[in-house]
Amino acid sequence: MAGGLLALELAGLGLQVQLLDDGSPDRRATGWSYGAIAPWVPQLWRRLQDRHGDLGWGSAWFRPLGGWLALPLPCSRVDVVRLQQRLPQALAAAGVICSQASVEGLEPPQRSAGPWRLRLRGLPEPLQAQQVVLAAGAGCRALWPDLPPCLRVSWAGVLLLEPQPGGWPWAGPLAMRLPARFLRLALEARAASLSEEAWQVDPGLLPWGDRWLAGQISLVRPGLGAGLPPDAALQEGRLRQALARHLPLVAGWPGRFMQVPVSFSSSGEPLVGPVEGAPGLWAFAGFSGAFAAVPALAPPLARRLAGTLG
Ligand SMILES: Cc1cc2nc3c(=O)[nH]c(=O)nc-3n(C[C@H](O)[C@H](O)[C@H](O)COP(=O)(O)OP(=O)(O)OC[C@H]3O[C@@H](n4cnc5c(N)ncnc54)[C@H](O)[C@@H]3O)c2cc1C
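Residues numbered from 1 in each chain as written. Predicted model: local features only at pLDDT ≥ 70, side-chain atom pairs only at ≥ 80, totals over all residues.

**Thoughts on the environment of Gln-16**
Put simply, the test is: A run of H or I in DSSP becomes a helix once it reaches four residues, and a run of E becomes a strand once it reaches two; helices and strands are each numbered from the N terminus. Once C-beta atoms are placed from the backbone, each residue is buried if 20 or more other C-beta atoms lie within 10 Å of its own, exposed if 12 or fewer, and partly exposed for counts between those two.
Along the chain, Gln-16 falls in the loop between α1 (2–12) and β1 (18–21). On the basis of neighbour counts, which here come to 11 C-beta atoms within 10 Å, the residue Gln-16 falls in the exposed class. As a C-alpha pair, Gln-16 and Gly-95 span 79 residues in sequence and 7.9 Å in three-dimensional space.

And the structure:
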């Protein structure tokens, strides 16, 4: 999402943009996200859709879990299945070149005004670019280890529920359940002081394409790297146990447990702007409420970047 929405803004300013993505859904936080947005920030998505067509955003209702109020509340939400279908079309229409490519390394310019060189898996010749934006989520630090230490990675686990012959017992416009308060944010804020891994469940139940998604368990480790995915059976057990308290029917429902690394910033401030000590390299990662933050932060970053190019 971050790379795609920024590319749309850059192309809108007349820049020539190439978006590289390795296309592996198991590494993409956006694809497993709740996509929930607080009711007071829908304007940004409305504007995006006015310009680029349907991107999966719409208004919705949810019933809060874990709070004292269980009445339906308005919110808005990006259907991430639709976003991933529609974003490539919007990018193509805006003139962004999209390439499925895994970036293996970045080489800074050898001369002050020279290009950056990107080594791509399977290609003998590096790609050259005047400016490079790291919008690779949890993959950013592997590409440029010298990023600020506040940029960290959590592992999120969700259950993609299997349809049953009788259909979903909880379907309907008011069936969506979201946490009254996302406890993962407090866990992220503690990340820099952790001496051992810690986890937190934010129970939720949402439509996901024609399926339903139940989640979410977040695990944070001390240190800056993503490391290997956590023990799936252990994480699934913890998630189902927490769901049993809030959504008993869902807790035992058959489903596939998926885990994905998610970048966040332990300071609460995402990395948005030039990378220190690396002229021509920019970062756009580490969002906590990405679906509200990215559409707000992409336009000013695009203008700043375009400004450096004259
Ligand atoms: C279960 C769950 C629920 C969530 N709920 C919400 C929510 O309700 N509201 C909210 O605002 N946020 C939510 N989030 C967080 C939000 O989804 C993420 O912060 C956001 O999607 C991150 O987007 P991104 O584009 O930065 O990263 P990603 O979506 O992870 O995209 C990064 C991309 O970079 C690619 N990449 C990485 N390394 C390389 C490389 N070397 N070469 C080429 N490509 C590479 C990856 O393949 C990936 O496609 C949730 C996350 C999860 C997992």
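There's more to say after this.
**Some words on the pairing of strand β15 (residues 271–274)**
Taken residue by residue, a regular strand's side chains alternate between the two faces of the sheet. The condition is simple: Strands qualify as paired when DSSP identifies two bridges or more between them.
As defined by bridge partners, β15 adjoins strand β16 (residues 281–285) across four bridges and the pair is classed as antiparallel. If you follow Val-272 over to β16, its bridge partner there is Phe-284. Two successive antiparallel strands, β15 and β16, enclose a turn made up of six residues, where Gly-277 displays a positive phi of approximately 75 degrees.

**Points about the sheet that holds β15**
Just so we agree on the cut-off: To obtain each axis, a line is fitted to C-alpha atoms, and for helices this fit is confined to the stretch in contact; angles are then taken between N-to-C directions over 0 to 180 degrees.
Pairing is mixed across the open sheet formed by three strands, whose spatial order is β9-β16-β15. The outermost strands of the open sheet, each flanked by one partner alone, are β9 (132–134) and β15. For this sheet the average axis-to-axis angle between neighbouring strands, irrespective of direction, equals 20 degrees.

**Here's the deal with unusual backbone geometry**
A cis amide bond links Gly-215 with the next residue in sequence, Gln-216, at an omega value of -15 degrees. Relative to the elements of secondary structure, Gln-216 occurs in strand β13 (residues 211–220).

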